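Residue-level structural notes
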Number of protein chains: 2
Amino acid sequence: MTRTGPPGRTVTPVILSGGAGTRLWPLSRPDRPKQMLALAGPESLLAMTARRVADRTRFETPVLVTGQSLAEAAVDQLEAAGVRPGLVIVEPQARNTAPAIALAALAIGGDALLLVMPSDHLIADNEAFLDAIELAVPIAERGWLVTFGITPHRAEIGYGYILRGEELTTGVHAVRSFVEKPDIVRAESFIADGRYSWNAGIFLFRADSFLEAVALHAPAIESAARAAIEQARLEGGRLDPAADDFSLAPAQPVDRAVMERADKVAVVPVDMRWSDIGSWQALYEASEKDAAGNAVEGDAMLLDASNCLVRTEGHKIVAIGVEGLAIVAAGDALLIVPRDQSQRVQEAVSRLASRGED
Amino acid sequence: MTRTGPPGRTVTPVILSGGAGTRLWPLSRPDRPKQMLALAGPESLLAMTARRVADRTRFETPVLVTGQSLAEAAVDQLEAAGVRPGLVIVEPQARNTAPAIALAALAIGGDALLLVMPSDHLIADNEAFLDAIELAVPIAERGWLVTFGITPHRAEIGYGYILRGEELTTGVHAVRSFVEKPDIVRAESFIADGRYSWNAGIFLFRADSFLEAVALHAPAIESAARAAIEQARLEGGRLDPAADDFSLAPAQPVDRAVMERADKVAVVPVDMRWSDIGSWQALYEASEKDAAGNAVEGDAMLLDASNCLVRTEGHKIVAIGVEGLAIVAAGDALLIVPRDQSQRVQEAVSRLASRGED
C-alpha cells in the first residue's frame, strides 16, 4: 500500500515503559528491564519504539509513561536516540496498563488521537505498521477503540487472540471477540480459520473515547486516575500524579478492563514481523543467524555449535559441540537452557528470588 | 596387604610441579595450572600429592621441582598444607621431565631412593599406593628403575601402556615393553590381555641408578643438568640451577629419554583409583555425583539437569533441562561442552591463543 499523504491529523504516541519482566534473565534485571536492552541491534527496544513514530508530520512528540525507578534512565535512552519526550508521566505505583493509559489520556486530554505502544516489542516491518495506523486513524476519529492484531504464523498458546467480524472500512474490522490464551488444539483451529489475530497490546483511540469507556466499564480506575492527575505535580516536562489517589486504582490490564467490554472496538490486522521477545526462544527467532544457525552477540567462540543463541556482556564464552541451546552471560550470572525450554527461565528466577537472590 | 613395618630405609619424594596444561581451561590458566587447583576436595592436587607421602617414618621431606613463575605459589600451597619442602629446585626453563628429574637426582645425590610423582594426579586409594611403594623399594635398592603401572578399567587411547614380563618378586615385574598410545582396537586387546598397565609417570629409583641410565641413554641431558647443578645458587632452601647450562638440555619426557631404553626397568601394577584429571570428563568421573548424576561445585542452580559437571568460581550458574554437559565458569570465561567432547577444549584454547587471547 502506498500512502497518499499525511493523515488528516497527527497522532500522539503513548509509550508504556513501566514493565520489569524476568523472562530474559539474566540480561534483564529489575533495574534494567527488557525495554532498556539493545536486543535487536545497537539501540534499546525503547529507543526503537520511539524511532518508529519519529516522523513529526504524522506524530506528535511521544508521551512516556514509566515507573519511579526507571524514569531517568528511560529519558536518557530516548534523548540519546534523539527523541525528547513531550511529557514523562511517572506512575507512583505499578498498576498495570489500564490505569497507566488512563493517566496519559487524562494528561493529554480532549479528542487527541493516542497511539498506545508497549516499549519492549520488536516490529521489523515498520512500513506495515505505519500503513496500519493510517487505516486506523479515520475509524478512531469516529470514536472507535482500535487495536492492531498481529497476523499469526504459528499456533501460539502464549498470546490472546482477537476474532474479527464485519469489515468497517478497507482493512479495518469490528472485533467480534477477544479470546483468552488458548490450548494448542484451539490455537491450531484459529490459524486454520484465518480470522484470528494475536492481541499485541497496541491501540489507537481518541483520549475522550477511551476515558468514556473506562468510566463506564472500570469506573474505579477512571476516578483514581482523574484524581491523581488533578493533584499531579508538573515540573520540567515530568508529571508526577498523586500517589495517594493513584494507589486506589485497581491493577488491571487494559484489555480486560476496557477493550473486552467496550462496544465500538475495531481491529486492524497487520503482518509487520512483530515479536514481543518474550523468551530467549523468541529472541532467537527474531535474530539474524549465521550459516550454522547460531545467533551470537558478544565475545564468544563456537566450535561445531549449531542453532544456538549466545549472548554475553563481558564474559568470553566458548561453546563446543552443543546444539539448540540458549547461553546467556550477564553481570555475575550465566544461563544455559535448551531454546525450546526457555519459558522455564521464569521458574528459575522465581526460585532464586525465593532464596533471596537476584 | 598388611604392611609389616617401615621399609628398610626412607624414600625421598620428588614432586614435579612444572606443568602448565590447557585441558582444564578456563579453570586452569598459565598462572594457575591444574596442580594448583582444588579439583577434588578442599586442597589443591599439589597439596594432596605432598600429603600422600607425609609419613616421616617412611618418607623424607619432599623435594619440589617447579618453574620460575610458579615457585612461590607452589611453596605457599605446600606450607598451607603443613608441608615444608626440604628443597625447592627451580627450573630455569621448562625442559620436560627427563632434565627436571635429573636435576633432582643430582641435587639429592648418592644412592637416595627417589619417588618421582607428578603433582597434578589424583590417587583416591593411597593405601594401595603405599603398598606398591613398599613392594618396589627392595627392587629399586637393587638398582632397578621402577615404574608404577595403573590397572586399566577401560580401553583408553589417551595413555601409553606398559607390558609386564617375568615376575621379579611378588607383585613386581620386569617391563617387557613400553607401548605408545594405541588405537581403540589395540587398547581393547590390551585390556583383554590383562598384562598391560597405564603408564602414569610415577617412578621409584636410586638417584645413582637413574643418573647412570641418563648418562648412558641421554648424555646431553645428564651433562647439561650436571653443569647446571654445579653452577647452581642455593639460598634459603631454594636451588636455582644455572640457566645457561640447563638451556642445553634437550626437552624430553623421562619415559622416552630413559625408561624405554634402560635395561633394568620394572613395573609394579597397582589399582589405586588413579586419575590424571586430564579433561573435564575425567574430573567428572573422579567426582562425587548427586542423585541426578550431577557433579556441582560453586554457586549453581540446576532444574532438571542431569549428568552434568558444573563448576563455577564466583558466577551464579542456572542450568535448565540440559544433559551430559560440562559447564565451567572461571575468571571472565565460560565453557560449555558435552562431557564426552571435552578433549576438544585444547583445540579451543589453541584457537584463542592464536587470536592473542588467554
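As a starting point, this report considers the structure included with it. (Residues numbered from 1 in each chain as written. Chains lettered and ligands numbered in written order. Predicted model: local features only at pLDDT ≥ 70, side-chain atom pairs only at ≥ 80, totals over all residues. Heavy atoms only, no water.)

Section: the pattern of salt bridges
Residue and element names in this part refer to chain A. In this structure the tally under the stated criterion is 35 salt bridges over all chains. In this structure, Arg 154 and Glu 156 form a salt bridge, with 2.9 Å as the shortest nitrogen-oxygen distance. Across the pair Asp 240 and Arg 238 runs a salt bridge, and its minimum N-O distance is 2.8 Å. What makes Arg 238 partly exposed here is its relative accessible area of 31%. (Salt bridge = Lys/Arg side-chain N within 4 Å of Asp/Glu carboxyl O. Buried < 20%, exposed > 50% of the residue type's maximum accessible area, 1.4 Å probe, protein only.)

A short note on the side chain of B:Ser209
Counting through the fold element by element, B:Ser209 comes out in helix H6 (residues 207–217). For B:Ser209, a relative accessible area of 9% puts it in the buried group. (Helix = DSSP H or I, 4+ residues; strand = E, 2+ residues; numbered from the N terminus.)

Details of the packing of aromatic side chains
The tally for this structure, following the rule as stated, stands at 16 aromatic pairs over all chains. Ring centres 4.5 Å apart and planes at 10 degrees place the aromatic pair A:Phe205 and A:Phe210 in the stacked group. Look at A:Phe205 and you get buried, because its relative accessible area is 0%. Relative to B:Trp274, the ring of B:Tyr159 has its centre 5.3 Å away and its plane inclined at 70 degrees; by these criteria the two rings are edge-to-face. (Phe/Tyr/Trp six-rings, centres within 6.5 Å; stacked < 30°, edge-to-face > 60°.)

Observations regarding the relation of the copies chain B and chain A
Under the fitted operation, chain B is carried onto chain A by 0.0 Å of movement along the axis and a turn of 179 degrees, and the coordinates agree to an RMSD of 0.1 Å. What the rotation and shift describe, once combined, is the action of a two-fold rotation axis. Most of the interface of chain B is mirrored in chain A: 100% of its interface residues are interface residues there too. (Least-squares fit on C-alpha atoms with pLDDT ≥ 70 in both. Contact = heavy atoms within 4.5 Å.)

Quick look at the sheet that holds strand S15 (residues 300–303) of chain B
With mixed pairing, the six strands of this open sheet are ordered in space as S14(A)-S16(A)-S18(A)-S19(A)-S17(B)-S15(B). Every other strand in the sheet has two partners, leaving strand S14 (295–297) of chain A together with S15 of chain B as the edge strands with one partner each. Within the sheet, the average angular offset between the axes of one strand and its neighbour, ignoring direction, is 5 degrees. Relative to strand S17 (residues 316–320) of chain B, strand S19 (residues 333–338) of chain A runs parallel, the two being bridged by four bridges. Considered in S17(B), the bridge of A:Leu334 is made with B:Ile317. Along the sheet face, helix H11 (residues 345–354) of chain A touches S19 of chain A together with S15 and S17 of chain B and points at about 135 degrees away from the line of S15(B). (Pairing = 2+ DSSP bridges. Axes fitted to C-alpha atoms, helices over the stretch in contact; angles between N-to-C directions.)

Considerations on the pairing of strand S3 (residues 87–91) of chain B
All names here are of chain B. Counting buried positions along S3 yields five of five residues, so the element is predominantly enclosed. The two faces of S3 match: Leu 87, Ile 89 and Glu 91 on one face and Val 88 and Val 90 on the other face are all buried. Sheet analysis places strand S2 (residues 63–67) next to S3, joined by five bridges and oriented parallel. From the neighbouring strand, Gly 67 faces S3, where its bridge partner is Glu 91. Crossover handedness for the path S2 to helix H2 (residues 71–80) to S3: right-handed. (Right-handed = clockwise from strand over helix to strand, strands pointing away.)

Purely geometric stuff here, so don't read any function into it on its own.
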